[in-house]
Structure formats: structure tokens, C-alpha cells
Amino acid sequence: MSILVDRNTRVICQGITGKAGAFHTRQCLDYGTKMVGGVTPGKGGTKSEHGLPVYDNCYQAVRETACDTTLIFVPAGGAAEAAMEAADAGIRLIVLITEGVPTLDMVKARKYLDDKGVLLVGPNCPGVITPGQCKIGIMPGYIHKPVDGKSKTVGIISRSGTLTYEAVWQCSQRGYAQTTCVGIGGDPVKGLNYIELLGMFENDPETQAIVMIGEIGGTDEEKAADFIKQNVRKPVVAFIAGRTAPPGKRMGHAGAIISGGEGTADSKIAALRAAGIAVCDSPAVIGETLAKFI
Amino acid sequence: MKIHEYQAREILRNAGLPVPGSEVIDRSDQAAAAFRKLGAPKVVVKAQVHAGGRGKAGYVKLIDSPAEAEKLAAWMLANPMVSKQTGPQGVKVQKILLAPAVDIAKEYYLGVVLDRAKRTPVLMASAEGGVEIEEVAAKNPDAIKKAWFHPLLGLQPFQAREIAAAIGLTGDLAKQATDIMLRLARLFIEKDCSLAEINPLVLTPENKLLAIDAKFNFDDNATFRHADVAALFDPSEENAAELRAKEFNLSYISLEGNIGCLVNGAGLAMATMDIIKLHGGQPANFLDVGGSVTAEGAVEAFRIILSDPSVKAVLVNIFGGIAKCDVIADALIKAAQQIGFKLPVVVRLEGTNVDIARKMLKEANIPQLRPAADLTDAAKQVCAAV
């Protein structure tokens, strides 16, 4: 089992004819993802360089391809609108990769998506992967280890991109397969968050343990700690980036900022530890720490 | 993006909020004329810098003559302001605001921010104005009244009336306050702010509410659609190396330590700083080269890191995903040729095309490069090198 996506997920790419969209559609196809088409307004009726049908809008794409998921590379100014279009057209899961989306656009889009009951991953994220089945995003596929029925398994949730790869790699190196890895993104306002995904992994019979990677900014990790204490029985290993980050500075990610004394790594680590979660001091020992609990 | 107080006052004024008149000067010989133009017996002289702590540093002063205005302006312009927020080198003052001193019966606080957890804007108000809101939040959180509002519907008048009552404003004052709150909330949405704050909002003995200091921060991701906001950007307030990095799509933040860092990805870049600290070192910077980095971009990253004189060693930590290890290896070789390494560079590469990259670096045979087996090894090596 897995969460969110599997080998039957039918995916379109919004922005498929753009440079990033075309490149990553190719990578996803090569990984085995069922990419079934793409959307670029004004290019409907043509074929993409991968031979996939291109549609003018999501409504046509949903009608013609029976897709249920979209991977969005639309530039920041139009990304929130692209997500709302997908939701209105009947898409079930939106993976929004775009970085730099205005925060208030996401505030509005999230309300719209919530009204329609559509799930969002991102923005400003690497995407979602169920190793061996379906990769919807920009992560390098080969670092992941698919579930094989023998290896121990872990589900991964992270606000970061490359730091997720680091964690995945350490797990794979130690022989732990990943059921699903979700990069929830580095923005202050986003879609799926720790709590929803922790719940999904807790209920997924195949996932044995959970790795969560957080960073400075906001209070999502503190809320996750509370949730884990009440609702999660599976072992959780965590790492929080940004202990050395100075207050008031945005550390690359739009959401990674300590403001007004809120959002420090120490506060998050303390909350997680108080909830009985193993928090790694070093990003290099995530796999090693997991070995003690799995 | 931050702006100056005088710019914030202008935004408020244009939106119809009550802001006393003021003058802005950038030369001390303009000060006396500005004083006279204001026509007030007492005038506040305020240095226009983004950093806080102006009052304590002596850069907000009350004066009562044109001669004093000129003398004070000359001093402020000549001496960089040093406060808790500026670091020991201080910041140069380039503009000064003069405003008539206002008689104050009481001070209030009004601010709009985004509540990340609730994913919606929130108006905050307090009858304890004139001090940092964080201080109030820490000491007396009940003194802060909040109204969350819908991003499309905006703050509703009934919400504003409830908040006005909650901070003790009645009758005509409640009406004035409601109008101010509604306009401030509208500005926050219209201009894509991350903070819109009036502190203090002053009650005069004549029962008038006046905004006498204001602070605006804007969402960097949205300035592309606000030319008026983008025009307020003041590059002289920014770190020169950070600005240069931005031109090359690098995300760089200068820090106090002596170990330069070059990393791909913001989370991994933070984690790299953390692991350096964990092994007893001090990071000199945060640097994320990004996913679509080119060799030229990465060479520029080296240039920026090496231009910091306190850097004694560099840690390169790349987990190749979309960014490929061979591109970084190419950049390392080019940087060695073009800039030259006079200090140890510890290199940890993993991920996409790592084998090609390792081979390239081995063949290039750059003496200062020290390959690391893994992240822990890299951190240990670089900390031992300084």
C-alpha cells in the first residue's frame, strides 16, 4: 500500500510544453508514472514532445484522459489559478511544484480547493513519490527504494527538497523501503501538512515508521507533535533544520523565517521530544536513528 | 521586502488614513527649512533606516528650533546608527523624517499580518501601543485583540466595531478607529503585504486618532504585480553580497562565522549550517544555489563566499537531484582556475551523476580540494581545517 498515489494514478502536467514541465514529464514517464496528457492554453490539439495529447484547459483533459491528478509547473503569477482550474475540472490531487507563488494567492486558492474537497501538495515542493509505482514531481527517482514485501518500510514527510533526498538516501542505504514520500513544500501557506499525512501513514498498513523533516518558521511541527502524541502509534523520527538560523531572516524558503520569537528550531525540537519523538541532532543520522525504532 | 517609515506614512496617507504632515530630507542644510515649513513648536527628527532600535540609539529626537534640526540632521547623516539589530558596523542614515510633535493622551497598536496556522489574515489591536507588539504578546497576551478575516470579503465593519470596543474605544472614537482598521486591512490585501502596522496609533487631547509611526513589509513573491511597491525598494539597506547573489538566482545570507557553505536546496543548506555548528564550527553564510544551477552560477557562488574575508574554509555539500553533481564539479574546477583557492575546500557530493563528478575532480587534481565520504565526515573535516 501507499498513500495519495500509486501505479493506477493518472496524471496530467499543466505547463507540459514549458522547459521544466517537458523535462520532468519525461523523467516521470521514464520512472513509470502514468502520464496521460498535458495542458497549455493555446496549444490544445497538438502533441507534446513525449507524444502526449495537449489540451487547452483542464476540463478537456479530464474529459479526454480520465486523469485524476495534476503536476503543475505554471509560472508563479498564474500557479494558484492553474490549481483552482484543475480543482474545478474535477482533479482529485494537485501537486504544485512552482516556487514563488504570492502568499495571498495561496490563501485564496486553498479556500477554493477546500470547498471542493480537492487535495493539494505544495507549492514550492519536490512533489510526491510512491517508489516503484508513481513519481509526481522533480525528485531523483533512483535514490528511492520500492516496497518489496521483505524490507522494513517508512513513510517520509518533509518541508524541504534536497534534505528529503538526504533522508531518503539514508533510508535506502540501510535497506528501508519507502511507502510514499511527500514534500509538502517550503511556503507559509500550503496544501497537505504534517497532521493530515501523519494520519494517512498511521492508517496505511504497509508503513511501519515515519520520518518527518521540518524547519524553522511557523508552528506546524509543534502542532504535529501534539497530534502524534494523541494519534500516532508508529515510531516517528524527526529532524528540524535551522537551529543556527538567525531570527528575522528568510532562509531561502518563503516560510523559513523566525519572527517575533515564534518558529525557532529549539521550540519545535522541544515540542517533538516532549511528545516522545526521536529528534536527530544531525541531518546525517536520520537512517541510523530510524534503525533503533523500526 | 521592507520599506522606510516615510514611505509607509505616504502609503497610509494615500489610503485616506489620518497621518500628520511631515518632511523628508537627505541633506542637513534642508533641515531648518523643513522645520519652519512644518510650523510646529516642537518637531520629532527620525532617521530613516530599516533597522529597529532607533530611539535607544538616539536617532529619534525631539527638538524645538531650526538650528537644532540642522545640527541633529548633520550628526545623524554623518554617524552610522548602531543598534541591537544592526551589528557593530551600523547602518548609514541617508534620509531623515521631520514631523510635528503630537500631544499624546493614549497610544494604541494596530496591525495586520497573515496567520499561517489559520491561513488567513488577522487584524490585531491593543490598548498597549507604542511598544513592540511581541513584548505585549509575551507579557500580556490578553491585551491583544484579534479579528481574522476572509481574504476576499475583507475585514467586515462589524468586526472592526467589535475590536474598537474591545480596546476601549467608544462613540466617535470607535467610528474613527473602525474606519482606520478597515482601510488598513484593505491595504494589506491590495498591496500583498506581509505586515501592515500602525504603532502607535495616537489619541490626542482633542479626541483625534492619528497614525504617527507605521511599518509595512511586502510579500517578495508578489512585488512583480505592484510596480509602486517595487519602486520603494532601497538597495542601500541590503547586504551587497546578498544583492549580488540574487542577480545570479542564488539565495545567500551572510552570517558571523568562518566556514563558507555552498549547498543545493534551502533545507539542506540550513541543515549544513547546523551540522557545522554541531561539530564545533561556525557557518559564515547560508547559500542555496538552487535546482537549476549552472556552472557559471556556481562559480559566482564561490566568488561571493570567498569575498568574505572571515572565511577560512569552505564546505560544498551537494545532493544532486535536479542539480547535477557534474555541473558542480565543473564549477569547482572553473572556480579553482578563475578565482584560485587559497583555503581548504571540503567537498561532499551525492546523487545524480556523482560518479562522473568524482572522476572529474580526481583528474583535475586540485590540491585544496578534500573529498568527504559522507556528511558527518565533511563537517568534521571542515571544522578541523579552521
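Remember, it's a predicted structure, so these values are computed and weren't measured experimentally.

Draft legend 1. Broad picture of the sheet that holds strand β7 (residues 127-130) of chain A. All names here are of chain A. Read from one edge of the open sheet, seven strands run β8-β7-β10-β9-β11-β12-β13, paired in mixed fashion. Each of the sheet's edge strands pairs with one partner strand only, and the pair in question is β8 (134-137) and β13 (278-279). Pairing of strand β12 (residues 236-241) with β13, which is carried by two bridges, proceeds in the parallel orientation. Paired with Val237 across the bridge in β13 is Ala278.

Draft legend 2. Up close: the nonpolar core. Within the largest apolar cluster, 94 residues are counted, with the highest numbers of intra-cluster contacts made by Leu4, Val121, Leu198 and Met251 of chain A. In terms of residues, this core owes the most to one element, helix α10 (residues 266-278) of chain B, which gives seven residues. Excluding anything up to four places from it in sequence, Leu198 of chain A contacts Ile157, Ile210, Ala224, Phe227, Ile228 and Val232 of chain A. Core analysis: the second largest hydrophobic core is formed by 73 residues, Cys67 of chain A together with Leu182, Leu209 and Phe216 of chain B among them.

Draft legend 3. Just the pairing of β7 of chain A, in detail. Residues and elements named next belong to chain A. Burial of the side chains of β7 extends over both faces: Gly127 and Ile129 are buried on one face and Val128 and Thr130 on the other. Where β7 and β8 come together, four bridges link them in antiparallel fashion. Looking at β8, one finds that Thr130 is bridged to Cys134. Linkage of β7 to β8, two consecutive antiparallel strands, is achieved through a turn of three residues, within which Gly132 is found at a positive phi near 80 degrees. Alignment of β7 against strand β10 (residues 177-183), held across three bridges, turns out to be antiparallel. Within the sheet, the bridge partner assigned to Gly127 lies in β10 and is Gly183.

Draft legend 4. Focus on the interface of chain B and chain A. Taken together, the contacts link 47 residues of chain B with 56 residues of chain A. Summed over both sides, the interface of chain B with chain A buries roughly 4,000 Å², with 64% coming from carbon and sulfur. It is Arg116, Arg119 and Phe319 of chain B that lose the most area in chain B upon contact with chain A, and together they represent 19% of the buried surface on that side. Along the contact surface separating chain B from chain A lie five salt bridges. Between Glu166 of chain A and Arg348 of chain B there is a salt bridge; the shortest N-O distance is 2.8 Å. The interface formed by chain B and chain A includes 13 residue pairs in polar contact (both at pLDDT 80 or more). For the side of chain B that touches chain A, the secondary structure elements donating two or more residues are β6 (120-126), α7 (171-190), β11 (251-254), α10, β14 (313-320), β15 (345-351) and α14 (375-385) of chain B. Broken down by element, the residue count for the side of chain B that touches chain A peaks at ten residues, all from α10 of chain B. The residue makeup of the side of chain B that touches chain A, split by class, is 22 nonpolar, twelve polar and 13 charged.

Draft legend 5. Looking closely at the packing of aromatic side chains. Residues and elements named next belong to chain B. Scanning the model with the defined rule gives five aromatic pairs over all chains in all. Residues Phe302 and Phe341 carry aromatic rings whose centres are separated by 5.5 Å and whose planes lie at 55 degrees to one another, so their mutual orientation is tilted. With Phe302 in helix α11 (residues 295-306) and Phe341 in the loop between α12 (325-338) and β15, this residue pair connects regions lying 39 residues apart in the sequence. Positioned over the ring face of Tyr108 is Lys106, at 5.3 Å from the centre of the ring. A cation sits over an aromatic face here: Lys118 above Trp148, 4.5 Å from the ring centre.

Criteria and cut-off values
Residues numbered from 1 in each chain as written. Chains lettered and ligands numbered in written order. Predicted model: local features only at pLDDT ≥ 70, side-chain atom pairs only at ≥ 80, totals over all residues. Heavy atoms only, no water. Pairing = 2+ DSSP bridges. Helix = DSSP H or I, 4+ residues; strand = E, 2+ residues; numbered from the N terminus. Core = buried A, V, L, I, M, F, W, Y, C linked by side-chain atoms within 4.5 Å. Buried < 20%, exposed > 50% of the residue type's maximum accessible area, 1.4 Å probe, protein only. Contact = heavy atoms within 4.5 Å. Buried area = accessible area lost by both parts, 1.4 Å probe. Salt bridge = Lys/Arg side-chain N within 4 Å of Asp/Glu carboxyl O. Polar contact = N/O pair within 3.5 Å; in protein donor to acceptor, adjacent residues only side chain to side chain. Nonpolar A, V, L, I, M, F, W, Y, C, P; charged D, E, K, R; others polar. Phe/Tyr/Trp six-rings, centres within 6.5 Å; stacked < 30°, edge-to-face > 60°. Lys NZ or Arg CZ within 6 Å of the ring centre and 35° of its normal.

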